[in-house]
Amino acid sequence: MSLKLGDQFPNFKLKTTIGDINLHEWMGDKWCLFCSHPADYTPVCTTELSRAAQLTPEFTKRNVKVIGLSCDSVENHHGWIKDLQSMSGCDNKCDFPFPIIDDSDRKLAKELGMIDPDEFDNKGLPLTARAVFVIGPDKKLKASLLYPATTGRNFTYDQYPHYLLSILGKFW
């Protein structure tokens, strides 16, 4: 599947760390920052997602819900969330602020064109590329970024979120 700007973002039934959800129902009338990472427990993914967790209040102020995806299971995600909470300063005292999707069968990553053709896990399975989809309240794709699993994102407040928020700001 090749999504183009303005296309209706597919409505998936998803297995996540907060239970099974229907993406469009879960979004409601909010914006969605849908981001993927190659694997749980890796250093770059851990710093990226813990920073995204810290920034969730900024996204919430702007009517944006965040959801993550990786090719690991929900059970694996729950263990990894403890690391994310520790890195984000929560130390297991609070709930993790957004769900992470189980895409261990790579079905969703394949449907959305997020498979990195050059990177594989230790079992020889392809990794999910790093992707960001900005989905509007109308469930249409407003922006997307896709880059190799080997390239990390910088979620520092002075760069990445402002870029995403400036994209979102154009639609408010």
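The preceding data block contains the structure.
Calculation rules
- Residues numbered from 1 in each chain as written.
- Predicted model: local features only at pLDDT ≥ 70, side-chain atom pairs only at ≥ 80, totals over all residues.
- Heavy atoms only, no water.
- Helix = DSSP H or I, 4+ residues; strand = E, 2+ residues; numbered from the N terminus.
- Buried < 20%, exposed > 50% of the residue type's maximum accessible area, 1.4 Å probe, protein only.
- Contact = heavy atoms within 4.5 Å.
- Areas by Shrake-Rupley, 256 points an atom, 1.4 Å probe, with all protein chains shown as cover.
- Phe/Tyr/Trp six-rings, centres within 6.5 Å; stacked < 30°, edge-to-face > 60°.
- Lys NZ or Arg CZ within 6 Å of the ring centre and 35° of its normal.
- Pairing = 2+ DSSP bridges.
- Salt bridge = Lys/Arg side-chain N within 4 Å of Asp/Glu carboxyl O.

Q: How should the overall build of the protein be read in this particular structure?
A: Regarding its fold elements, the protein presents five helices and nine strands. Ordered by position from the N terminus, the helices and strands of the protein form the series β-β-α-β-α-β-α-β-α-β-β-β-β-α. Buried positions account for 51% of the 172 residues belonging to the protein. Considering only residue pairs separated by 6 or more positions, the protein has 69% of its internal contacts joining residues 24 or more positions apart. Element-wise, carbon and sulfur atoms account for 52% of the exposed surface of the protein, whose accessible area totals about 8,300 Å².

Q: When you look at the packing of aromatic side chains in this model, what are you seeing that I'm missing?
A: Applying the stated criterion across every chain, the model contains four aromatic pairs. Across the ring face of Trp 26, the terminal group of Lys 65 is positioned such that the distance to the ring centre comes to 4.4 Å.

Q: Looking at this model, I keep getting lost on the environment of Lys 15. Mind explaining?
A: Note that Lys 15 resides in strand S1 (residues 13-16). C-alpha separation for the pair Lys 15 and Val 74, spaced 59 residues apart in sequence, amounts to 7.5 Å. Not counting residues within four places of it along the chain, the set of residues in contact with Lys 15 comprises Asp 20, Val 74, Glu 75, Ile 100, Ile 101 and Asp 102.

Q: Even after reading the chapter, I still don't get the pairing of S1, so can you show me in this structure?
A: Residues Leu 14 and Thr 16 of S1 are buried on one face, while the alternating residues Lys 13 and Lys 15, pointing to the opposite face, are not. Bridging between S1 and strand S2 (residues 19-22) involves four bridges; their strand directions are antiparallel. Following the sheet pairing, Lys 13 is matched in S2 by Asn 22. Linking two consecutive strands that pair antiparallel, namely S1 and S2, is a turn of two residues.

Q: Could you clarify how one ought to interpret the pattern of salt bridges in this entry?
A: For side chains bearing opposite charge, pairing can occur when the charged atoms are close. Overall, the coordinates contain four salt bridges when judged by the stated rule. The salt bridge partner of Asp 121 is Arg 106, with a shortest N-O separation of 3.0 Å. Here Asp 121, found in the loop between strand S6 (115-120) and strand S7 (126-128), pairs with Arg 106, found in the loop between strand S5 (100-102) and helix H4 (107-111); they are 15 residues apart in sequence, far enough to count as distant. Owing to a relative accessible area of 24%, Asp 121 belongs among the partly exposed residues under this scheme. Of the residues examined, Arg 106 reaches a relative accessible area of 5% and is grouped as buried. In this structure, Asp 138 engages Lys 142 in a salt bridge whose closest nitrogen and oxygen atoms are separated by 3.0 Å. Under the relative-accessibility criterion, Asp 138 is labelled partly exposed at 38%. Through salt bridges that share partners, Glu 58, Lys 61 and Arg 62 make up one connected network.

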